[in-house]
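Chain and residue survey
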Amino acid sequence: MNIAIDGPAGAGKSSIAKLVAKDLDFIYVDTGAMFRAMAYFFLTNGVDPRDEEAVSSKCAGIRIRIEYAEGVQHIYLNDEDVSTEIRQEEVGKNASVIASYPVIRTKLLELQRAMAAEHDVIMDGRDIGTVVLPDAEAKIFLTASSRVRAERRYKELREKGVDCDLDQIEEDIIERDRQDMNREIAPLKQAEDAVFVDTSYMSIEEVVKTIREIAEAKR
């Protein structure tokens, strides 16, 4: 069985998907981490992520895999564990940029579909229900207001001791939404058969319960 969760940046897709996967004993496939790993490669190898031609020329030498150790997900880029490094703000911004390139999407699409064909998976991203897994049994479009998403990110960064500005975070989120929704290839949008879930005023437990019930009803 496949569960597809789509939605904008900061909606909590990854956190929720991990919890639902644990509840249902599914494999969680973090597609966003794959794009982040690609962006991290370019940023650390002197390749401008906005230069599509340069990015395309370097793709062949990139290997990405996801492994789990004691229930914890690890992202490997060319055999190096970059699970922590790819969570930087700059990496996230550039992941959204390269996600519009056909060569990047093609490279990752095959890996994602192969995992879904072999296992019960829950996968989150921007185009899972519309492009990657159009035949997924359960589809959810998870979102929240830009302010709420900014407040969540602000709290997360402050708890890590990072100095940040709430208004700037919201501006970055709005800009990223614009990029994701207006890119030519696989733009962010709700699949026609997806269930819309606004988490702005829901607890994590309520969101997990809602998605679990949707999934179990589709079994």
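These notes cover the structure that comes with them. (Residues numbered from 1 in each chain as written. Predicted model: local features only at pLDDT ≥ 70, side-chain atom pairs only at ≥ 80, totals over all residues. Heavy atoms only, no water.)

Here we look at the sheet that holds strand S2 (residues 27–30)
- Pairing in this open sheet of 5 strands is parallel, and the strands run S2-S6-S1-S7-S8 from one edge to the other. Edge strands, defined here as strands with exactly one partner in the open sheet, are S2 and strand S8 (195–198). Neighbour-to-neighbour, the strand axes of the sheet open up by a mean angle of 20 degrees, direction not taken into account.
- Note: S2 against strand S6 (residues 121–125), 4 bridges, orientation parallel. Paired with Asp 30 across the two strands is Asp 124, which belongs to S6.
- Strands in contact with helix H1 (residues 13–24) are strand S1 (2–6), S2, S6 and strand S7 (138–143); relative to S6, the strand with the most contacts, it is inclined by about 175 degrees. (Pairing = 2+ DSSP bridges. Helix = DSSP H or I, 4+ residues; strand = E, 2+ residues; numbered from the N terminus. Axes fitted to C-alpha atoms, helices over the stretch in contact; angles between N-to-C directions. Contact = heavy atoms within 4.5 Å.)

Comments concerning the side chain of Thr 199
- Within the secondary structure, Thr 199 sits in the loop between S8 and helix H9 (204–218).
- With residues near it in sequence (within four places) discarded, Thr 199 still touches Ala 11, Leu 142, Thr 143, Ala 144, Arg 152 and Val 207.

Here we look at the nonpolar core
- Core analysis: the largest hydrophobic core is formed by 37 residues, its most contacted members being Met 38, Phe 42, Ile 64, Ile 75, Ile 86, Ile 104 and Met 123.
- If you list the elements that add at least two residues to this core, you get helix H2 (31–44), strand S3 (64–69), strand S4 (72–77), helix H4 (89–98), helix H5 (102–118), S6 and helix H6 (128–132).
- A per-element tally of this core places H2 first, with 9 residues.
- Leave out the neighbours within four places in its chain, and Met 123 touches Ile 3, Ala 4, Ile 5, Val 29, Thr 31, Gln 112, Ala 116, Ile 128, Val 132 and Leu 133. (Core = buried A, V, L, I, M, F, W, Y, C linked by side-chain atoms within 4.5 Å. Buried < 20%, exposed > 50% of the residue type's maximum accessible area, 1.4 Å probe, protein only.)

Here's the deal with the pattern of salt bridges
- Summed over all chains, the structure comprises 19 salt bridges.
- When the shortest N-O distance is used, the salt bridge between Arg 65 and Asp 79 registers 2.9 Å. Taken together, the residues span a long stretch of sequence, with Arg 65 in strand S3 and Asp 79 in the loop between S4 and strand S5 (80–81) at a distance of 14 residues.
- For Arg 65, a relative accessible area of 30% corresponds to the partly exposed category.
- Among the ionic pairs, Glu 213 bridges to Lys 209, the shortest N-O distance being 2.6 Å. (Salt bridge = Lys/Arg side-chain N within 4 Å of Asp/Glu carboxyl O.)

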